[in-house]
Every structure is written in structure tokens, then in C-alpha cells.
Amino acid sequence: MNVPTSGRDTRAWVEVDLAAVVENARTVARVTGTRLLPVVKADAYGVGAVAVSRALEAVDPWGYGVATIDEGAELRAAGITRPVLVFLPARPDLFDAYQQHRLTPALGDERSIAAWIARGAGGGPFHLEIDTGMGRSGVRWDEIDPLVDLLDTPYLEGCYTHFHSAERRDGSAEMQLDRFQQALGRLARRPALVHAANSAAALRGPAFAFDMVRPGIFLYGGSFGEGYPASNPVVALRARVVAVRRLRAGDSVSYNASWTAPRDTTVVTLGIGYADGVRRWLGRAGDARVLLGGRRVAIVGRVTMDLTIVDVGDAAAQLGDVATLIGTAQGGSITLAEFAAWSDTLEHELLAGLGPRLPRVYT
């Protein structure tokens, strides 16, 4: 357990195992046999984009993928020199910022493509997004032909698509792959970098690999279940006990008296709440647990903005004790997948929602 020692409030924190991130990246590289474009958008899914990118230099990635110009600028300010691809569709009125920070835009409409190419060498390379079924941005795979002449340019460095259900073995990824290859075949020249695979597609092997792959959630400890390699746990989420109370049977806790003690019991309050990313309804089904004192104990009542209540029964608990919401402690473990399921959300969403007031402690 790595308790923050910087003098900051240590009511709750996130521990990040950077060596595990690197090993997860190496797993993807072994499975695919190609280079990596690690996705570090949304502050590396809440883990910390700068720290993760610096650690991943060990695997010699092609570059890094972000969502916004500001995210790319943060990497540049931290000394990251590899290419940085910005996935959100680029607008011509922001092109100066791309050039200022040496960022590579993702383009998917004729107006933006033409405006970028018109900048010449001052603009530099771009990547073309082809929509093969995600339906949110990019040139449709079957509408490439009117752009073929425009795309016959040395500035077209890369071409990519995104699978909507790569973790499902229902044929949809293969259908999108076929559409993508059809679109590539219509281009006058094949870009130097063709990429399609997110974590789930990459872990299915070389068929989806092309010139590089874009691992995201797998790097941060996300899992896909049977048939996929297991990721190394990366994140631990811990919170201190800030209050201990003895309840009588019939006493209630939290807003709307959302839980009533069925017996005399002890509840403890943890210094973490929904402002930190712990879902408000986490305790409603009665199955959500934390590790405290070597035991799994239940979260009860509604999670409040800053605090979460746990029923410890007759076990001893003291102010300052540390509870583990995700991670291992005293021989027990709660996985990221478990906690996400209790929260009725995805692992991606859970990690990205961990609030900025939680210190990140790196190992």
C-alpha cells in the first residue's frame, strides 16, 4: 500500500502500477507483432497521461493517441517528442494550434482535408478516419470515391477506422474490417500507417493489426474475459475511515434514509464519494463491497458527494483505517471488473471518472 506522503489530504487516493502498464503494453505487442499507438486520452483513462506516456517509452511506441489539442499540448509540455495523434475531428479554425504543438490531426470531411493540405509542409501529415459502422465521424467507407484525387497527397500519413464491438465474436468486426479494406483499395496510394484495432481487436491477433494498434483499456487493467489474455492489475483505489458509528436496529443512514440497519451494527464512513467517481447508487443492490481489516464489508445507503458508508458489523474499526475499493489488501482482492459491475458501468468509464482531487501515487 502506497500512502501519499506529500502533505496533501490523504482521505482517499489512487495507486498506479506503471510497471504493470508497461507489461500490458508488451502483451499487446507480442500478440499483434506490430507497433503500438497507446491511447492516453482522458488523462490516460484517469491514470495519468504524462506518467503513463513516459513509462511507455520503454516499449518504443510509434506515438500516442489523445482526444483533444489540450491533451496533446500537455504531452508536449512534459517533453514527449513522439508523434501525437488527436482523434477528435479537427476543425480548420484550430489548425494553427495543431501546428504550434506539432500534433497530427484526424480528418474525416472534404472541407477539413482540403484546408489542411492547402497549408502544405507547414501543416504536415494527417490521418484519415474512415467510418465503417461506428457512425460518429469520418468519411463513410462507401463514399471515398469523390475524395480519391484530393487524398492523393504525401501528407496522408495514416488511415484508420474504429470497431464498435470488437470484443463480441458476432462477425461485426470482420464486416467492418472488410469495409475498411474496400475503402483502402480505392485510394490512389496506401498510407504508410494503417491502423484499426483497439484493445479488444488487437488481442484477437494479427488479423486486425495492420501497421500499428491502439491499445487503451487493456493497458490500464481492463479485461475482456474468456479467450483473451489477462491484463495485469494497474489501479488500486483506497480511502480512509473518517468516522465510526454504532447503530441500533432500525436506524437509517444517508440521504432519503436509503438503508436501514437490520440489527445492531457498526458503520464506518469513508472519505470518498461521488465527486471522486464512486457512483451514487453503488450500494443500492447490496452486493458492492470494500476490503477493510482483511474482510469484505458491504457499502450501504446512497454514496454522497464526499463520503461513503460501510457496514462492518461487530468488527473493530478505527479512524484512519484504510479501506480498499479496488485492489489487493491483507490477502483479499477486489478487481476493477468487479467494482465496475457493481457500479453498473464499464471499466473505461469508471477509471475515467475518478476525480482529480484524488492524488495519483505512482510505483
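Residues numbered from 1 in each chain as written. Predicted model: local features only at pLDDT ≥ 70, side-chain atom pairs only at ≥ 80, totals over all residues. Heavy atoms only, no water.

1. Quick word on the nonpolar core
This is how it is decided: Definition used in this section: a nonpolar core is a set of buried Ala, Val, Leu, Ile, Met, Phe, Trp, Tyr and Cys residues joined via side-chain atoms within 4.5 Å. Each residue's exposure class comes from its accessible area (1.4 Å probe, protein chains only) as a fraction of the maximum for that residue type: buried when under 20%, exposed when over 50%, partly exposed otherwise. The contact criterion used throughout is that any non-hydrogen atoms of two residues lie within 4.5 Å.
With 112 residues, the main nonpolar core has Leu128 and Leu270 as its most contacted residues. Each residue touching Leu270, except ones within four places of it in the same chain, is listed here: Ala239, Arg240, Val241, Val242, Val290, Asp306, Leu307, Thr308, Val310, Ala323 and Leu325. Counting residues in hydrophobic clusters, the runner-up holds eight residues, among them Leu247, Val253, Val300 and Ile309.

2. Topic: the pattern of salt bridges
Oppositely charged side chains may form a pair once their charged atoms are brought near each other. Our working rule: One side-chain nitrogen of Lys or Arg within 4 Å of one carboxyl oxygen of Asp or Glu is enough to make a salt bridge. In this text, helices come from DSSP runs of H or I with a minimum length of four residues, and strands from runs of E with a minimum of two, each type numbered from the N-terminal end.
One pass over the structure, following the stated rule, counts 22 salt bridges. Two residues, Arg204 and Glu174, come together in a salt bridge whose shortest N-O distance is 2.7 Å. Linking Arg204 in the loop between helix 8 (199-202) and strand 10 (212-213) with Glu174 in helix 7 (residues 172-186), this pair joins segments that are 30 residues apart in sequence. You can call Glu174 partly exposed: its relative accessible area is 36%. Several salt bridges share partner residues, and in doing so they unite Arg11, Asp276, Asp306 and Arg357 into one network.

3. Regarding the layout of surface pockets
Worth spelling out the cut-off: Note on definitions: the grid is 1 Å and covers protein atoms alone; a cavity is a set of points where a 1.4 Å probe fits but cannot get out; a pocket is an open set with protein on both sides within 12 Å along at least five of seven lines; lining residues have an atom within 4 Å of a point. Grid points are joined across faces, edges and corners, and a volume is the space filled by probe spheres set on the points. Here the nonpolar group is Ala, Val, Leu, Ile, Met, Phe, Trp, Tyr, Cys and Pro; Asp, Glu, Lys and Arg are the charged ones; every other residue, Gly included, is treated as polar.
Estimates place the volume of the largest pocket at around 770 Å³. Contributing to the lining of the largest pocket are 29 residues, with Lys41, Tyr45, His162, Asn198 and His348 lying nearest its centre. Secondary structure elements with two or more residues in the lining of the largest pocket: helix 2 (41-45), strand 4 (84-89), helix 8 and helix 10 (347-352). At three residues, the largest contribution of residues to the lining of the largest pocket is made by strand 4. Tallied by class, residues from the lining of the largest pocket come to 14 nonpolar, nine polar and six charged. If you add up the space inside the second largest pocket, you get close to 380 Å³.

4. Here's the deal with the packing of aromatic side chains
We apply this condition: Only Phe, Tyr and Trp rings are paired, with Trp represented by its six-membered ring, and only when their centres lie within 6.5 Å; those with planes under 30 degrees apart are stacked, over 60 edge-to-face, the remainder tilted. Two limits define a charge over a ring: the Lys NZ or Arg CZ must be within 6 Å of the ring centre, and within 35 degrees of the ring normal.
Throughout the structure, instances matching the rule amount to nine aromatic pairs. Ring plane angle 70° and centroid distance 5.8 Å describe the contact between Phe87 and Tyr160, whose orientation is recorded as edge-to-face. One end of the pair, Phe87, is in strand 4; the other, Tyr160, is in strand 8 (residues 156-160), and 73 residues separate them in sequence. Across the pair, exposure class does not vary: Phe87 and Tyr160 are buried alike. What links up through ring pairs into an aromatic cluster is the set Phe95, Tyr98 and Trp116. Sitting above the plane of the Trp281 ring, Arg280 keeps its charged end 5.4 Å from the centroid.

5. Section: the pairing of strand 17 (residues 308-313)
Operational definition: DSSP-based pairing: two strands are paired if at least 2 bridges between them are found.
Most of strand 17 is tucked away: six of the six residues are buried. Side chains Thr308, Val310 and Val312 of strand 17 all project onto a buried face; the interleaved residues Ile309, Asp311 and Gly313 project onto the opposite face, where all are buried too. Here strand 14 (residues 265-270) pairs with strand 17 via five bridges, running antiparallel. Residue Val268 lies in a different strand from strand 17, and its bridge partner there is Val310. Summarising the sheet, strand 16 (residues 295-300) and strand 17 pair through three bridges and their orientation is antiparallel. Along strand 17, the bridge assignment pairs Val300 with Ile309.

Treat this as a map of the structure, not an account of what it does.
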